[in-house]
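Below are the chains, spelled out letter by letter.
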Amino acid sequence: CIERLNTLRHSGTTMIFISHDLTSIEKLCDRVALMQRGRLIATGEPHEIVSEYQQMAATSHAAIVAEATDRIAAGSARIERVTFHEAAGGAVTSVATGAPLTTRVHFQSSAPLPDAVVEVFYYSHDGRTLLCQQSTALGGGDLRIEAGSGAVEFGFDAVGLQPGIYSVGATIRQRQGAETVDWFYGGTLLYVQPGRSVRGYFYAPHAWRMVADEERAAWHGRR
């Protein structure tokens, strides 16, 4: 579809492309108009207007964007906020595709939780599609949360999310049993800027190398 649209574009066909797919807008459009509630608020070069849209959405309240409620659980621990940090440790609201990122879940607990699980969920900007998850249950040993305040960090070596705006939620639960201690959603957005440019739904960190003739000969010899 993208190839066909580019063929029409390069042949001189005039097209109006209406979308929230920011990557496609930057690839297909020569000029972009930004609308808000039926009113034109900005026009200009694609990257400039896409950046303005992302900044505007990142400062809005995520609950409005995702049509979400703030909490569905109220246990002994409460998630206070989710923050994002660059490699040097400074707080950020955005990251580029392929760049490292640390996500911190800050919480307050009124009693110890001896076998807790903390998880972070990354949703599409409308909150309807879960794109990926980070969980303490997948490695690193058992987690004991003591009474008082604390934080759990999750690290991305390279963020795989494509450019766009993402709603972020987090939970605290007991490893045994399905009951959620606390569920935080609707107050945090992550703005992903263009970085490593790849096709598809996400960027997968990878390496490549040329295979030497001797190696290929050895493979054939083992067959």
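Since the model is a prediction, treat every value here as computed from it, not as a measurement. (Residues numbered from 1 in each chain as written. Predicted model: local features only at pLDDT ≥ 70, side-chain atom pairs only at ≥ 80, totals over all residues. Heavy atoms only, no water.)

**Student:** When you look at the side chain of Thr 97 in this model, what are you seeing that I'm missing?
**Tutor:** Along the chain, the position of Thr 97 falls in the loop between strand E5 (94–96) and strand E6 (101–109). When its relative accessible area of 2% is taken as the criterion, Thr 97 is described as buried. A polar contact of 2.7 Å, which involves the side chain of Thr 97, links it to the backbone oxygen of Leu 161. Once residues lying within four places of it in the same chain are set aside, the contact partners of Thr 97 are Val 159, Leu 161, Gln 162, Pro 163, Val 192, Gln 193, Pro 194, Gly 195, Arg 196 and Tyr 203. (Helix = DSSP H or I, 4+ residues; strand = E, 2+ residues; numbered from the N terminus. Buried < 20%, exposed > 50% of the residue type's maximum accessible area, 1.4 Å probe, protein only. Polar contact = N/O pair within 3.5 Å; in protein donor to acceptor, adjacent residues only side chain to side chain. Contact = heavy atoms within 4.5 Å.)

**Student:** Whenever I open this one, the pairing of strand E11 (residues 164–174) confuses me. Can you help?
**Tutor:** Within a regular strand, the side chains alternate between the two sheet faces. With respect to burial, E11 is a largely interior element, nine of its eleven residues being buried. In this structure, strand E7 (residues 113–124) lies alongside E11, joined through nine bridges in antiparallel fashion. Its bridge partner lying in E11, Glu 119 is registered against Thr 171. (Pairing = 2+ DSSP bridges.)

**Student:** Teacher, can you tell me more about the pattern of salt bridges here?
**Tutor:** Where charged atoms from two side chains of opposite charge approach closely, those side chains can pair. A full pass over the atoms with the stated rule returns nine salt bridges. Between Arg 175 and Asp 142 there is a salt bridge; the shortest N-O distance is 3.9 Å. Of this pair, Arg 175 sits in the loop between E11 and strand E12 (180–193) while Asp 142 sits in the loop between strand E8 (130–135) and strand E9 (143–145), placing them 33 residues apart in sequence. With a closest N to O distance of 2.6 Å, Glu 146 and Arg 144 form a salt bridge. Residue Arg 144 is classed as partly exposed on the basis of its relative accessible area of 46%. Because the salt bridges share partners, they merge into one network encompassing Asp 115, Asp 142 and Arg 175. (Salt bridge = Lys/Arg side-chain N within 4 Å of Asp/Glu carboxyl O.)

**Student:** Would you take a moment to explain the confidence of the model for the protein chain for this structure?
**Tutor:** Detailed reading of the predicted coordinates is not advisable wherever pLDDT falls low. Averaged over every residue, the pLDDT of the protein chain is 85; residues scoring 70 or more account for 90%. The least confident element of the protein chain, judged by mean pLDDT, is helix H4 (residues 62–66) at 43; the most confident is E6 at 96. Below a pLDDT of 50 lies the segment residues 61–70, which in the model reaches 21 contacts outside its immediate sequence neighbourhood of four places, other chains included. (pLDDT = per-residue confidence, 0-100.)

**Student:** Looking at this structure, how should I read the packing of aromatic side chains?
**Tutor:** The geometry of two aromatic rings is summed up by the distance between their centres and the angle between their planes. Applying the stated rule across the entire model yields five aromatic pairs. Between Phe 121 and Tyr 123 the ring centres are 6.4 Å apart and the planes differ by 40 degrees, which places this aromatic pair in the tilted class. You can call Phe 121 buried: its relative accessible area is 12%. Site record: aromatic cluster; members linked through ring pairs are Phe 121, Tyr 123, Trp 183 and Tyr 185. (Phe/Tyr/Trp six-rings, centres within 6.5 Å; stacked < 30°, edge-to-face > 60°.)

**Student:** Teacher, can you tell me more about the side chain of Ser 94 here?
**Tutor:** Examined against the element boundaries, Ser 94 turns out to sit in strand E5. One polar contact links Ser 94 to Gln 193, side chain to side chain, over a distance of 2.9 Å. Among residues more than four places away in sequence, those in contact with Ser 94 are Leu 190, Tyr 191 and Gln 193.

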